[in-house]
Amino acid sequence: MTASAFVKRLRSTVAARGRRATDIADDLYRVFSGVASGMVEKEGVTRSYKDFLPIADRILNLLVKNLEVESSPELAEIVSQHKQLVCAQSHGPALGPVVYTLAMCHYFNKAGGGDRVPVAITHRLFYQMPMMKRLVRFITQVPHAVGFDEFVELFNSGEYNDLCLMPEGDHCNFGNGLDVMPFKSPRFVEIALRSRCPILIIAHAGGEAWGKPLPVPDALLDRTLGLLPPLLAKPMSHARSINLPIWMKPIETLKIKMALFPLPDLNVDEMSEAERKEVVGALADQVRAQMQSMVDEIR
């Protein structure tokens, strides 16, 4: 099924849900059909938050009724003082990034950072999905899935201002959408250290309405946990529940809290591999603990 055919089916499916849902489908159709025809994807052309803003704000206005944002220090001060940021966001449920990404585009523009150019990390599987890969390349501004060293080089090329990621990754499929799951990888901290830029922690609450936690009975979990691969066993053991995506009904209030996380001046190239892993892991644990504290303050 092509991207255009998929969205046409989506439009017919949601038409009975009311005008608001149909408007969302219409905007998604504009994005998908544009990507499908190659109109929005130009090789080698990067886009700023300002370039993404028109479609981002239109869809955000359909998906979120109220948006509350707080930042320490003020985001306008952060973007004026730091040419580059590693923006680590809480993931929420599987569908959370849809609205969180749109909101980020909105509030960076509002804070005077409209000319900043973002680049994003997402699951490499999306680059292999025929219906998704062109849209993912458009949003992330990365032509294909890249490894760690290539991402460091890409971010340090001077072409991008903000590296955007959600370090929980596909662990979002577990838990309740508010508890910050164990990070899939701590190496975003290493990117920040190598780039000598701070981490901006971005916590969200409200998007958890787009997921339904399904607790796994202890008896079943105890019998099956040892059979799961480690990448699934760790988040399952932590959350003891699966989070199922549900229809994207409008969110009453989306709350966002941001805080700057300065990093120590460390040269990771001078460390042994064991030292580097220990330092990066410890700093990532601090980021996760602060992110959870921020979510708890606004939930």
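Above this note sits the structure.
Residues numbered from 1 in each chain as written. Predicted model: local features only at pLDDT ≥ 70, side-chain atom pairs only at ≥ 80, totals over all residues. Heavy atoms only, no water.

A. View of the overall build of the protein chain. Check the secondary structure of the protein chain and you find 11 helices and 8 strands. Looking at the 299 residues of the protein chain, the share that counts as buried comes to 47%. Entry remark: accessible area of the protein chain is about 14700 Å², with carbon and sulfur atoms responsible for 55%. (Helix = DSSP H or I, 4+ residues; strand = E, 2+ residues; numbered from the N terminus. Buried < 20%, exposed > 50% of the residue type's maximum accessible area, 1.4 Å probe, protein only. Areas by Shrake-Rupley, 256 points an atom, 1.4 Å probe, with all protein chains shown as cover.)

B. Broad picture of empty space enclosed by the protein. Counted by the stated rule, this structure contains 2 cavities of 30 Å³ or more. Volume-wise, the largest cavity comes out at about 80 Å³. In terms of lining, the largest cavity is formed by 14 residues, of which the most central are G92, E168, G177, L178 and D179. Within the lining of the largest cavity, the residues separate by chemical class into 7 nonpolar, 5 polar and 2 charged. (1 Å grid on protein atoms, 1.4 Å probe; cavity = no way out; pocket = protein on both sides within 12 Å on 5 of 7 lines; lining within 4 Å. Points joined across faces, edges and corners; volume = space filled by probe spheres on them. Nonpolar A, V, L, I, M, F, W, Y, C, P; charged D, E, K, R; others polar.)

C. Structural view of the packing of aromatic side chains. Under the defined criterion, the tally for this structure stands at 4 aromatic pairs. Three or more aromatic residues joined by ring pairs form one cluster here, namely Y49, Y107 and F108. Directly above the aromatic system of F148 lies the positively charged group of R187, at a separation of 3.6 Å from the ring centroid. (Phe/Tyr/Trp six-rings, centres within 6.5 Å; stacked < 30°, edge-to-face > 60°. Lys NZ or Arg CZ within 6 Å of the ring centre and 35° of its normal.)

D. Representation of a nonpolar patch on the surface. A cluster of nonpolar residues, L125, F126 and M129, forms a patch on the protein surface that exposes about 230 Å² of accessible area. Mapping M129 onto the fold places it in the loop between β3 (118-120) and α6 (133-140). (Patch = residues over 30% accessible without salt bridge, like charges linked within 9 Å, V, L, I, M, F, W, Y side chains within 5 Å. Salt bridge = Lys/Arg side-chain N within 4 Å of Asp/Glu carboxyl O.)

E. Representation of the pairing of strand β5 (residues 199-205) within the structure. Among the 7 residues in β5, 7 count as buried, and that is most of the element. Along β5, one buried face is formed by I199, I201, A203 and A205 and the opposite face, lined by L200, I202 and H204, is buried too. Bridge count for β5 against strand β8 (residues 251-261) is 7 bridges, and the pairing is antiparallel. Residue pairing for β8: A203 is matched across the bridge by K257. (Pairing = 2+ DSSP bridges.)

F. Looking closely at the nonpolar core. Grouped together as the largest cluster of nonpolar side chains are 41 residues, with contacts concentrated most on V86, F188, V189 and I199. Broken down by secondary-structure element, the contributors of at least two residues to this core are β2 (85-89), α7 (148-155), β4 (162-165), α8 (187-195), β5, β8 and α11 (273-298). In contact with V189, other than residues within four places in its own chain, are I199, L263, V280, L283 and A284. Listed in part, the 35 residues of the second largest apolar core include L60, L135, M166 and L260. (Core = buried A, V, L, I, M, F, W, Y, C linked by side-chain atoms within 4.5 Å. Contact = heavy atoms within 4.5 Å.)

G. Representation of the packing of α7 against α8 within the structure. Between α7 and α8, the shortest axis-to-axis distance is 10 Å and the interhelical angle comes to 40 degrees. Taken together, α7 and α8 sit at an angle that is classed as oblique. As α7 runs across α8, the sense of the crossing is right-handed. Mapping the contact onto sequence places F148, V152 and F155 in α7 and R187, E190, I191, R194 and S195 in α8. Residues belonging to the contact of α7 with α8 are distributed by class as follows: 4 nonpolar, 1 polar and 3 charged. (Axes fitted to C-alpha atoms, helices over the stretch in contact; angles between N-to-C directions. Parallel < 35°, antiparallel > 145°, perpendicular 65-115°, else oblique. Left-handed = near helix turned anticlockwise from the far one by under 90°.)

H. Region of interest: the state of the cysteines. One pass over the full model with this rule turns up 0 disulfides. For the unlinked cysteine C164, the closest cysteine sulfur is that of C87, found at 4.8 Å. Note on C197: no disulfide assigned, nearest cysteine sulfur contributed by C87 at a separation of 8.7 Å. A residue is classified by how much of its surface remains accessible, and C197, at 6% relative accessible area, is buried. (Disulfide = S-S within 2.5 Å.)

I. Highlighting the pattern of salt bridges. Summed over all chains, the structure comprises 16 salt bridges. Linking R276 and E190 is a salt bridge whose minimum nitrogen-to-oxygen distance equals 2.9 Å. One end of the pair, R276, is in helix α11; the other, E190, is in helix α8, with 86 residues separating them in the sequence. Taken individually, R276 and E190 each receive the classification buried, so the pair is uniform in this respect. Taken together, the salt bridges that share partners define one network made up of R187, E190, R194, D269 and R276.

J. Just the environment of M104, in detail. When you line up the elements, M104 lands in helix α5 (residues 96-110). Given a relative accessible area of 3%, M104 falls into the buried group. Between the C-alpha atoms of M104 and Q89, which are 15 residues apart in sequence, the distance is 9.7 Å.

K. Main features of the sheet that holds β5. Overall, mixed pairing links the 6 strands, which are arranged β1-β8-β5-β2-β4-β3 in an open sheet. Here the strands that pair on one side only, and so sit at the sheet edges, are β1 (64-72) and β3. Shown here is a sheet whose adjacent strand axes are inclined to one another by a mean of 20 degrees, direction ignored. Judged from the 3 bridges that link them, β3 and β4 form a sheet pairing that is parallel. The partner of P118 across the bridge, within β4, is D162. Each of β1, β2, β4, β5 and β8 is contacted by α5, which is oriented at about 65 degrees to β8, the strand it contacts most.

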